[in-house]
Amino acid sequence: MSKPQDGFVSRFLNRPISRRVTRLLLKFPIHPNVLTISIFVFPLIACVFLVRGDYVSIIIGATIFQAFSILDGCDGEIARARNLESKLGERLDYFCDFAASLLYVLALGIGLHRSGEGILCAVVITTNELFLKAGKSKMSVASSPAHESFYARHRGMIGHSGLLHFGEEFVWWAFQLTKRDMAVFVFLVLALLGWASWILHLWTTVAGLSLLLSAIAVIRAGNGAADVVPREPRA
């Protein structure tokens, strides 16, 4: 039920829990798309706590987002178990994750009296996603194991931005350490440590770097620049 794109936190924390929840949910006639929409209530509830801005409320909000991150795997697990995977389900899941990210930074920005930073972070996240979609490519950008660990919207950026000049292993680690499952978990740790403002700082920085690379990829692809595409050796 797992996916090649799963990060460290998904693989060792989220999936072990979500699989148990999925086994229970499979006893009921729940469609994965309905579940995707249903669990979106978690980010909405989390925002109610985040906007309060005090230490305990931020921890509760961050914990609810971590719970959402865990349950977010259940719809895909149900879809794969029942052979109900679809483009609609994939788009719905992506939209809910994207909307949850925007709600997180906006609500936290309000709670910390850093609304400007929260809005900036939301704008950077949105712009980055637009550039990722513009540069989306179906071509293989790395050897098979690494290629499968990247989401489709990132492959064009990786191939056209020149990131692979730093080496495939560097790119793999960079993406593993900045994936959404890792980010949400780290944000919870920062909240527990009382460093909630660093959630906004880190998210804005990482999204900004991704936006820069995505913009470079779109420009290079538009100019017909050659992709860096390591291939597996022929057998």
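Residues numbered from 1 in each chain as written. Predicted model: local features only at pLDDT ≥ 70, side-chain atom pairs only at ≥ 80, totals over all residues. Heavy atoms only, no water.

1. Focus on the pattern of salt bridges
- All told, the structure shown has five salt bridges when counted by the stated rule.
- Where Asp-72 meets Arg-180, a salt bridge forms, and the shortest distance between an N and an O atom there is 3.7 Å. In this pair, Asp-72 is assigned in helix α4 (residues 55-81) and Arg-180 in helix α10 (residues 180-192), connecting sequence segments 108 residues apart.
- Classification of Asp-72 by relative accessible area gives buried; the value is 11%.
- For Asp-97, the salt bridge is made with Arg-180, and the minimal N-O distance between the two is 3.8 Å. (Salt bridge = Lys/Arg side-chain N within 4 Å of Asp/Glu carboxyl O. Helix = DSSP H or I, 4+ residues; strand = E, 2+ residues; numbered from the N terminus. Buried < 20%, exposed > 50% of the residue type's maximum accessible area, 1.4 Å probe, protein only.)

2. Thoughts on unusual backbone geometry
- With a phi close to 55 degrees, Asn-83 is a non-glycine residue in the positive phi region.
- Mapped onto the secondary structure, Asn-83 falls in the loop between α4 and α5 (87-111).
- One non-glycine residue, His-113, lies in the positive phi region at around 60 degrees.
- Tracing the chain through its elements places His-113 in the loop between α5 and α6 (115-134).

3. Examining the side chain of Thr-204
- As for its position among the elements, Thr-204 is in helix α11 (residues 197-222).
- Here the side chain of Thr-204 touches Leu-200 through a polar contact of 2.8 Å, landing on its backbone oxygen.
- The residues touching Thr-204, leaving out its near neighbours within four places in the chain, are Glu-117, Leu-120, Cys-121 and Val-124. (Polar contact = N/O pair within 3.5 Å; in protein donor to acceptor, adjacent residues only side chain to side chain. Contact = heavy atoms within 4.5 Å.)

4. Thoughts on helix α1 (residues 8-25)
- With 18 residues, α1 should cover 26 Å at 1.5 Å per step; its first-to-last C-alpha distance of 24 Å lies within 8% of that length.
- A maximum bend of about 50 degrees is found in α1 at Asn-14, where proline Pro-16 lies one to four positions downstream. (Expected span 1.5 Å × (residues − 1). Bend = angle between axes of the 7 residues up to and from the residue.)

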